[in-house]
Amino acid sequence: AWRQQALSAGVDASLLSGPSRPAGAGVEPSAPVAEALKGAACAVIFIPDFPELSRAVRDSCAARGLRAALVPGGDPAPLESLLETGPGELAALAERLASLLEGARRLRIRTASGTDLSFEIAGRPVLRDTGDLSKPGACGRLPGGAVRVAPVEGSAEGVFHADTLRSPLLLRFA
């Protein structure tokens, strides 16, 4: 469906598919895919996990102006429904949250599954991933709208609970 939409919009689109590759940060694409990236203006890369951009993608973005979007999860269906939210709306939400975090000294996260965790963030940079890949050389994950901040070392207090993994994880910080 993606390729057909691109072709109907007058975009010269190719669909490359290959076997699953080992997950992990910096895993490089196969040689044919890396070569195809060198001549591409835009790439949407569906991946099963959340790796960092590979060297081949970063180099193509920096040197040739490739616009690359990593779509974690490997399945385009959820992304299609998320794309109904316009990029301007996602960017505005990310900016609003980032502004709140930049003025905060401490962050507290509470969830229905049992997480109740707080930590210092004063002085930490707040990173925005707005999903804006409109300029040549832009690389990022879709959907956008993510905001990231790292805790000050040793400041975490409380409980972190993740039940979306293969087996539940419970971490206690004091």
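Residues numbered from 1 in each chain as written. Predicted model: local features only at pLDDT ≥ 70, side-chain atom pairs only at ≥ 80, totals over all residues. Heavy atoms only, no water.

1. Comments concerning the nonpolar core
Counting 10 residues, the largest nonpolar core is built from Ala 94, Ala 98, Leu 101, Leu 117, Phe 119, Ile 121, Val 126, Val 147, Val 149 and Ala 156. Elements with a minimum of two residues in this core: helix 5 (87-102) and strand 4 (116-120). When residues in this core are grouped by element, the largest group, three residues, is from helix 5. Ignoring sequence-local partners within four residues, the contact set of Ala 94 consists of Thr 130, Gly 145, Ala 146 and Val 147. Among the nonpolar cores identified, the runner-up in size contains eight residues, and Ala 34, Val 57, Cys 61 and Ala 68 belong to it. (Core = buried A, V, L, I, M, F, W, Y, C linked by side-chain atoms within 4.5 Å. Buried < 20%, exposed > 50% of the residue type's maximum accessible area, 1.4 Å probe, protein only. Helix = DSSP H or I, 4+ residues; strand = E, 2+ residues; numbered from the N terminus. Contact = heavy atoms within 4.5 Å.)

2. Things to note about the pattern of salt bridges
Under the counting rule described, the total for this entry stands at seven salt bridges. In this structure, Glu 102 and Arg 128 form a salt bridge, with 3.0 Å as the shortest nitrogen-oxygen distance. A residue pair is termed long-range when its members are at least 10 positions apart, and Glu 102 in helix 5 and Arg 128 in strand 5 (residues 127-129) qualify at 26 residues. The shortest N-O distance in the salt bridge between Arg 124 and Glu 153 comes to 2.5 Å. You can see Arg 124 sitting in the loop between strand 4 and strand 5 and its partner Glu 153 sitting in the loop between strand 7 (146-148) and strand 8 (157-162), a full 29 residues away along the chain. Classification of Glu 153 by relative accessible area gives exposed; the value is 66%. Connected via shared salt-bridge partners are Glu 95, Glu 102 and Arg 128. (Salt bridge = Lys/Arg side-chain N within 4 Å of Asp/Glu carboxyl O.)

3. Observations concerning the sheet that holds strand 1 (residues 42-47)
Ordered in space as 1-2-6, the three strands form an open sheet in which the pairing is parallel. This sheet does not close on itself; its edge strands, each paired only once, are strand 1 and strand 6 (139-141). Shown here is a sheet whose adjacent strand axes are inclined to one another by a mean of 15°, direction ignored. Two elements, strand 2 (residues 67-72) and strand 6, share three bridges in a ladder whose sense is parallel. (Pairing = 2+ DSSP bridges. Axes fitted to C-alpha atoms, helices over the stretch in contact; angles between N-to-C directions.)

4. Some thoughts on the sheet that holds strand 8
Think of a sheet as strands paired side by side through backbone hydrogen bonds, with each pair either parallel or antiparallel. The four strands lie next to each other as 3-4-8-9, forming an open sheet whose pairing is antiparallel. If you trace the sheet from one side to the other, it starts and ends with strand 3 (106-110) and strand 9 (169-173), each paired once. Taken pair by pair, the neighbouring strands of this sheet meet at an average axis angle of 25°, ignoring direction.

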